[in-house]
Amino acid sequence: MQNGTDLYALDIKGASFVRACGGPCTEGCVTLARIGDDAWALGDSKRPDAQPLRFTTEELGSAGIDPARFGLNV
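Residues numbered from 1 in each chain as written. Predicted model: local features only at pLDDT ≥ 70, side-chain atom pairs only at ≥ 80, totals over all residues. Heavy atoms only, no water.

Q: I'd like a rundown of the sheet that holds strand E2 (residues 30-36), residues and numbers included.
A: Reading across from one edge, E1-E2-E3-E4 is the order of the four strands in this open sheet, with antiparallel pairing throughout. The two strands at the open ends of the sheet, each matched to only one other strand, are strand E1 (18-19) and strand E4 (53-56). Bridging between E1 and E2 involves two bridges; their strand directions are antiparallel. When the sheet's bridge partners are listed, Arg 19 is paired in E2 with Thr 31. (Pairing = 2+ DSSP bridges. Helix = DSSP H or I, 4+ residues; strand = E, 2+ residues; numbered from the N terminus.)

Structure, rendered in structure tokens:
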């Protein structure tokens, strides 16, 4: 939670997920979408029924994930 925003309260229906694999993955199992200002959803295309996890930009950065690397604007 950042700035009092409950990331899981944000509606992600219609979010545009892109493949966010860091290596030679050809299956694209990790997906990433911007779901709000400073808010991201990280999903798994191999488990479409599982809810995507939600993170702030700072949290993604702490994990070494840069959305710009996958064509997403920060």
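Following the structure, the description resumes.
Q: Lay out the pairing of E2 with the relevant residues and their values.
A: Within a regular beta strand, the side chains point alternately toward one face of the sheet and then the other, so they alternate between its two faces. Bridging between E2 and strand E3 (residues 39-44) involves six bridges; their strand directions are antiparallel. By the bridge assignment for E3, Gly 36 is matched with Ala 39. Between the antiparallel neighbours E2 and E3 lie two residues, among them Asp 38 with a positive phi of about 65°.

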